[in-house]
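So you can see what is in the structure, the chains are spelled out below.
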Amino acid sequence: MQQITADLVQQVIQPRPTESHKGTFGRVMVIGGNQQFGGAAIMSATAAVYGGAGLVTCATDLFNATSLHAQLPEAMVLAATDKAQMATLLPKMDVIVVGPGLGTDTWGQTVLQQVFQQVQPQQVVIIDGSAIDLVASQGLTLPQAQLVLTPHQMEWQRLSGIAIADQQVACNLAVQQQLQATLVLKSARTQVYLPNGTVWENTVGTPAMATGGMGDTLTGVLAAFAAQFKPLDQAILAGVYTHSAIASELAQQQYVVLPTQIARQLPFFMQEQARRG
Ligand SMILES: NC(=O)C1=CN([C@@H]2O[C@H](COP(=O)(O)OP(=O)(O)OC[C@H]3O[C@@H](n4cnc5c(N)ncnc54)[C@H](O)[C@@H]3O)[C@@H](O)[C@H]2O)[C@@H](O)CC1
Ligand SMILES: Nc1ncnc2c1ncn2[C@@H]1O[C@H](COP(=O)(O)OP(=O)(O)O)[C@@H](O)[C@H]1O
Ligand SMILES: [Mg+2]
């Protein structure tokens, strides 16, 4: 198993080119947030904006629109069930996050199926939370795209059929290769399984991160990094490390680290890495 280190992150996060504009840094759409879990989509979109994605749109239950805009006016918003608008906007996206706070009821199922039908092969699609549970419970076929799955151990158990106690590298790798997706298997020591069959381990992180919304925030970090930095494999590894490294820094003084604090720290951490790289 290879280790994700600060060196790798500093190679990925580079100073921004002077000749650039918002289009240079990618378009991200976060799809999720039912009436119960709106915060999850808001946290994902927040991390995507603070992580540097050029344009961020949140497709959600419009119940969440005011709260989203109250703290993140940078994000655009639309109803996830608006078929016409989704059909216009989805093909324009570089990176799609689907699942944070989506829920597994009929609303979530309808939204997910519509997204899977419209995704294009060149797009990066980050599948998280409820979307993973729905793929598992409904036996949905994953779309043709650059897929990144971000399950925690329980979600991976549901999707892969491998019980948490049996989630060893060889078994995980076999299923990940079948799924033809990057796997970010989240735990206290998150592992990343890349399409080329290499397996990486996160080397930072803290129990101060064990708070609801922490994984939702990770999806936004990964989306922003995938939108800005190439190749995708390196962007994902750097995103996983950055999310936890910020938490570890804050945990020097805090017993608990809030997901929204990690998002707000992203521009500072990224500037530090860009200067060192
Ligand atoms: N503020 C919000 O709106 C929040 C919304 N959330 C959304 O709620 C939906 C359900 O997700 P949940 O993850 O809460 O529910 P799940 O039922 O999928 O999983 C949570 C349970 O899995 C177990 N588990 C075992 N190993 C674990 C591991 N390594 N990491 C995490 N849990 C582990 C724990 O007992 C935990 O209670 C998702 O769509 C998610 O995005 C959550 O992220 C919480 C915050
Ligand atoms: N004890 C811990 N040590 C290190 N990282 C942790 C710990 N507990 C949780 N995390 C991290 O927090 C995130 C939790 O993700 P997830 O369970 O999907 O959260 P949520 O769905 O509530 O947003 C993952 O990135 C995981 O690695
Ligand atoms: Mg989660």
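Residues numbered from 1 in each chain as written. Chains lettered and ligands numbered in written order. Predicted model: local features only at pLDDT ≥ 70, side-chain atom pairs only at ≥ 80, totals over all residues.

The name an unreviewed UniProt entry gives the chain is ADP-dependent (S)-NAD(P)H-hydrate dehydratase, with Loigolactobacillus bifermentans DSM 20003 as the organism. Among the UniProt annotations of the chain, the heading Cofactor (unreviewed entry) holds the following wording: "Mg(2+)". UniProt, in the comment section headed Function (unreviewed entry), describes the chain in these words: "Catalyzes the dehydration of the S-form of NAD(P)HX at the expense of ADP, which is converted to AMP. Together with NAD(P)HX epimerase, which catalyzes the epimerization of the S- and R-forms, the enzyme allows the repair of both epimers of NAD(P)HX, a damaged form of NAD(P)H that is a result of enzymatic or heat-dependent hydration." (UniProt positions renumbered as here; feature names shortened; annotations may be inferred.)

J.: Whenever I open this one, the overall build of the chain confuses me. Can you help?
T.: Check the secondary structure of the chain and you find 11 helices and 10 strands. Computed over its C-alpha atoms, the radius of gyration of the chain comes to 17 Å, within 12% of the 19 Å expected for a compact globule of 277 residues. Dimensions along the principal axes, computed over C-alpha positions, put the chain at roughly 45 × 45 × 35 Å. Looking at the chain residue by residue over its 277 residues, the buried ones come to 47%. Within the chain, contacts between residues at least 6 apart in sequence are counted, and of these 70% link residues at least 24 apart. (Helix = DSSP H or I, 4+ residues; strand = E, 2+ residues; numbered from the N terminus. Rg over C-alpha atoms; globule rule 2.2 N^0.38 Å. Buried ≥ 20, exposed ≤ 12 C-beta atoms within 10 Å, placed from the backbone. Contact = placed C-beta atoms within 7 Å.)

J.: Sorry, what's going on with the site of ligand 1 here?
T.: Around ligand 1, a shell composed of 17 residues is seen, among which Gly39, Gly129, His152, Met154 and Gly212 lie nearest. Listing elements by their share of the shell around ligand 1, those giving two or more residues are helix H2 (38-50), helix H6 (129-138), helix H7 (153-160) and helix H9 (214-228). With 3 residues, H7 is the single largest residue contributor to the shell around ligand 1. Of the residues contributing to the shell around ligand 1, the split by class is 5 nonpolar, 10 polar and 2 charged. (Near = placed C-beta within 6 Å. Nonpolar A, V, L, I, M, F, W, Y, C, P; charged D, E, K, R; others polar.)

J.: I keep staring at the site of ligand 2 and nothing clicks. Help me out?
T.: Within the structure, ligand 2 sits among 17 residues, and Ala188, Gly205, Ala210, Met214 and Gly215 are positioned closest to it. By residue number, the principal contributor to the shell around ligand 2 is H9, which donates 4 residues. When grouped by side-chain class, the residues that make up the shell around ligand 2 number 6 nonpolar, 9 polar and 2 charged.

J.: Can you help me understand the UniProt feature "binding site: (6S)-NADPHX" (unreviewed entry) in the chain in this one?
T.: Here, the residues flagged by UniProt with the feature "binding site: (6S)-NADPHX" (unreviewed entry) are Ala40, Gly101, His152 and Asp216. Positionally, Gly101 belongs in the loop between strand E5 (95-98) and helix H5 (106-118). Look at Gly101 and you get buried, because 28 C-beta atoms sit within 10 Å. Those residues within four positions of Gly101 in sequence are excluded, and the remaining contacts are Gly32, Gly33, Asn34, Phe37, Gly38, Gly39, Ala40, Ala41, Gly129 and Asp216. On the secondary structure map, His152 appears in the loop between strand E7 (146-149) and H7. Setting aside its immediate chain neighbours within four residues, His152 contacts Lys186, Ser187 and Gly215.

J.: What am I meant to see in H2 here?
T.: For an α-helix, 3.6 residues make a turn, and residues three or four places apart therefore share a direction. With 13 residues, H2 should cover 18 Å at 1.5 Å per step; its first-to-last C-alpha distance of 18 Å lies within 8% of that length. Within two residues after H2, Gly52 carries a phi angle of roughly 105°, on the positive side. (Expected span 1.5 Å × (residues − 1).)

J.: Where do I start with the environment of Ala170 in this structure?
T.: Position of Ala170 relative to the elements: it lies in helix H8 (residues 169-179). For Ala170, a count of 7 C-beta atoms within 10 Å translates into the label exposed. In this structure the C-alpha to C-alpha distance between Ala170 and Val199, which are 29 residues apart in sequence, comes to 10.0 Å.

J.: Explain H9 here, please?
T.: The end-to-end C-alpha separation of H9 is 22 Å, in line with the 21 Å expected for 15 residues at 1.5 Å each. Taken across its 15 residues, H9 has 15 buried, putting it largely inside the fold.

J.: So what exactly am I meant to see when it comes to unusual backbone geometry here?
T.: Keep in mind that most residues, glycine aside, have a negative phi and that most peptide bonds are trans. Geometrically, the link from Lys230 to Pro231 is a cis peptide bond, its omega value of -5° lying close to zero. With respect to the helices and strands, the residue Pro231 is situated in the loop between H9 and helix H10 (232-250). A positive phi angle is found at Gln180, which is not glycine, with a value near 55°. Looking at where Gln180 falls in the secondary structure, it is placed in the loop between H8 and strand E8 (182-185). Its 12 C-beta neighbours within 10 Å are what place Gln180 among the exposed residues.

J.: Help me understand the UniProt feature "binding site: AMP" (unreviewed entry) in the chain in this model?
T.: In the numbering adopted here, UniProt assigns the feature "binding site: AMP" (unreviewed entry) to Lys186, Ser187, Ala188, Arg189, Thr190 and Gly215. Of the residues just listed, which span 30 residues, no C-alpha pair is farther apart than 13.4 Å, and they cluster in one region. Secondary-structure assignment places Lys186 in the loop between E8 and strand E9 (191-193). For Lys186, the contacting residues outside a window of four places in its chain are Thr150, Pro151, His152 and Gly215.

J.: Teacher, can you tell me more about the packing of H5 against H6 here?
T.: A pair of packed helices is captured by two measures, namely the crossing angle of their axes and the spacing between those axes. Across the interface, H5 lies against H6 with an axial gap of 10 Å and an inter-helix angle of 90°. With respect to H6, the axis of H5 lies roughly perpendicular. Between H5 and H6, the contacting residues are Gly108, Gln109 and Leu112 on the first element and Ser130, Ala131, Leu134 and Gln138 on the second. For the contact of H5 with H6, the residue count by class is 3 nonpolar, 4 polar and no charged. (Axes fitted to C-alpha atoms, helices over the stretch in contact; angles between N-to-C directions. Parallel < 35°, antiparallel > 145°, perpendicular 65-115°, else oblique.)

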